[in-house]
Amino acid sequence: MSDLEPHRIVRLEEDAVVVLDQRRLPAEERELRCRTAAEVAEAIEALAVRGAPAIGVAAAYGLALAASSGEDVDAAYELLVRSRPTAVNLRWALDEMRSDPSPARARRIHEDEVARCQAMGAHAVPLFPPGSRVLTHCNAGALATGGYGTALGAIRAAWERGLVRHVRVGETRPLLQGARLTAWELEQLGIPHAVLVDSAAGALIARGEVDLVVTGADRIAANGDTANKVGTYPLAVVAARHGVPLVVVAPTTTLDPSLASGGAIPIEERDPREVTSRFPAVNPAFDVTPAELVHAIVTEHGVHRPPYADTLPRQLAVVR
Ligand code: MRU
C-alpha cells in the first residue's frame, strides 16, 4: 500500500478521524486518532495534518464525526474554523458541511479535492518545457491535499510525460515541509530531486539553474494576489528578476473572491518557539505574492493568465 493513498493521509472511521501524523515524517509513519472535533482542531493547529485542501478535508471529517457522535455541531464548527486562519479551504469545507454534516458528504469533499488535483495536473503540463529543472517550496503534494497534490501533482503529471529533468526543493524553515515531506513524496514517486536551504534558492535561480518555479497556495484574493508558505514571495521576486516563470497551482476552493487583494489575507503568526526558544522570534507562517509576479494560476478549470480578476473562472463570483 502506498503511503500517498488518500485514505492513508486522512480518513473517517466510525469513532475517529485518522491522520498520518505529518510532524513525524519521514522518520516515522504513525497514525493519529482524533476522537472529537476538538482533537481534530488540535491536530490541524499542531500541523499533524496540514496543507490547505487537506485541512479542509480533515475539518469536514471532524464535523461529520461531531454530528454522528452527538456533539454540538455549531460548537464543533467554531472550534474547527478557528484552528488555522490563512487557508480559506478550511472555511469553505466547513460551510459545505453545514447543511449536510454526514460522513458521505465529507468523503465526497475529499474525493472531489483529489479529482481537482488530477485535473490541475493535466492542465499544468503544457507549462513545463522539455527537460524542466523545477524549483518548489513547502509541501503541496498528496500529503497537503489528501491525495495527488497541487504543485507536486503538476510536477508529477509533467514527470510522467517525460518533461521534468529534476526538482529542487526549498527546505522550508522552520518546520521543514520541503526537506521532510516533499522530498519524501518525490522519493516515493521516483522523481530526481535535491533539497536546498531556503537562502540558496536565489543564487540557484540567478545561475540559470531553474526553468520554472511551481508552488501551491493557501488563499488567492480576487485580483490574483497569492498567500502561500512564507518564503514564496522572495522566490517570486528573484524569479521575476531573472525571467523565470512562477506558476501557482491551486483549486477553486483556495480562491477567496470576498477579498479584493492580498493585503486583506490573514497571515498566521505561529509560536516563536518553532524558530528558537533562546531569543525572541517572529514566526509568520505565510507571505503574499502580488499577482504581477505570478506567471499563471492553474485551477481545475484550466490555466489562467493576468489580469486574474478577469481570467479566474466565474466561480470567483460564488459567495464564500
Ligand atoms: O503551514 P502549512 O504546511 O500548512 O503550509 C502549506 C503551504 O503553504 C502549501 O504550499 C499550501 O497549503 C498549498 S497545499 C496544496
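The model shown is predicted, which means the values in this text are computed figures rather than measured ones. (Residues numbered from 1 in each chain as written. Predicted model: local features only at pLDDT ≥ 70, side-chain atom pairs only at ≥ 80, totals over all residues. Heavy atoms only, no water.)

Enquirer: Break down the sheet that holds strand 8 (residues 219-221) for me, with residues and values.
Expert: Reading across the sheet, the four strands line up as 11-8-9-12 and stay open at both edges, with mixed pairing between neighbours. Only two strands of the sheet have a single partner each, and these edge strands are strand 11 (255-256) and strand 12 (286-289). Sheet analysis places strand 8 next to strand 9 (residues 226-229), joined by two bridges and oriented antiparallel. Across the sheet, Arg219 pairs through a bridge with Ala227, a residue of strand 9. Those strands touched by helix 11 (residues 232-241) are strand 9 and strand 12, and its axis lies near 30° from that of strand 12. (Pairing = 2+ DSSP bridges. Helix = DSSP H or I, 4+ residues; strand = E, 2+ residues; numbered from the N terminus. Contact = heavy atoms within 4.5 Å. Axes fitted to C-alpha atoms, helices over the stretch in contact; angles between N-to-C directions.)

Enquirer: Tell me about unusual backbone geometry, and please be specific about residues and values.
Expert: Note that the residue after Leu25, namely Pro26, is joined by a cis bond; omega there is 0°. By the secondary structure assignment, Pro26 is in the loop between strand 2 (17-20) and strand 3 (31-34). Of note, Leu47 is a non-glycine position whose phi angle comes to about 70°, a positive value. The class for Leu47 is buried, based on a relative accessible area of 6%. If you check the backbone angles, Tyr148 has positive phi at about 75° while not being a glycine. Here Tyr148 shows up in the loop between helix 7 (142-145) and helix 8 (151-160). (Buried < 20%, exposed > 50% of the residue type's maximum accessible area, 1.4 Å probe, protein only.)

Enquirer: Report on the site of the ligand, specifying residues and quantitative values.
Expert: In the neighbourhood of the ligand, 17 residues make up the surrounding shell, with Arg50, Ala52, Arg84, Asn228 and Lys229 lying closest. In this structure, Arg84 approaches the ligand through a side-chain N or O atom, which is 2.7 Å from an oxygen atom. Taking Lys229, its side chain carries an N or O atom lying 2.7 Å from an oxygen atom of the ligand. Of all the secondary-structure elements, those providing two or more residues to the shell around the ligand are helix 3 (52-68), helix 7 and strand 9. Tallied by class, the residues present in the shell around the ligand amount to seven nonpolar, six polar and four charged. Taken domain by domain, the makeup of the shell around the ligand includes at least three residues from each of domain 1 (2-116) and domain 2 (119-319). (Near = heavy atom within 4 Å. Polar contact = N/O pair within 3.5 Å; in protein donor to acceptor, adjacent residues only side chain to side chain. Nonpolar A, V, L, I, M, F, W, Y, C, P; charged D, E, K, R; others polar. Domains from an automatic or database assignment.)

Enquirer: So, the sheet that holds strand 4 (residues 132-136): which residues are in play, and what are the values?
Expert: In space, the seven strands of this open sheet follow the order 6-5-4-7-10-13-14, with mixed pairing throughout. Taken across any chain shown, the strands that pair with only one partner, and hence form the sheet edges, are strand 6 (193-196) and strand 14 (302-304). Sheet twist, expressed as the average angle between the axes of neighbouring strands with direction ignored, equals 25°. Here helix 9 (residues 177-189) sits on the sheet and contacts strand 4, strand 5 (164-170) and strand 6; the angle it forms with strand 5, its principal contact strand, is near 160°.

Enquirer: For the pattern of salt bridges, give the residues involved together with the corresponding values.
Expert: Under the definition given, this model contains 22 salt bridges. In this structure, Arg24 engages Glu28 in a salt bridge whose closest nitrogen and oxygen atoms are separated by 3.1 Å. On the accessibility criterion, Glu28 (30% relative accessible area) is partly exposed. For Glu96, the salt bridge identified is with Arg105, shortest N-O distance 2.5 Å. On the basis of relative accessibility, which here comes to 28%, the residue Glu96 falls in the partly exposed class. The structure contains a network of salt bridges with shared partners spanning Arg8, Arg11, Glu13, Asp15, Glu29, Glu31 and Arg33. (Salt bridge = Lys/Arg side-chain N within 4 Å of Asp/Glu carboxyl O.)

Enquirer: I'd like a description of the pairing of strand 9, backed by residues and values.
Expert: Where strand 8 folds back on strand 9, the antiparallel hairpin that results is connected by four residues, among which Gly224 adopts a positive phi of roughly 95°. Taken together, the four bridges between strand 9 and strand 12 define a ladder with antiparallel strand orientation. Paired with Ala227 across the strands is Val288, a residue of strand 12.

Enquirer: Let's hear about helix 6 (residues 103-124): which residues, and what values?
Expert: Between its first and last C-alpha atoms helix 6 spans 32 Å; for 22 residues at 1.5 Å apiece the expected length is 32 Å, and the two agree. Considered for burial, the residues of helix 6 that qualify are Arg105, Ala106, Ile109, His110, Glu113, Val114, Arg116, Cys117, Met120, Gly121 and Ala124. (Expected span 1.5 Å × (residues − 1).)

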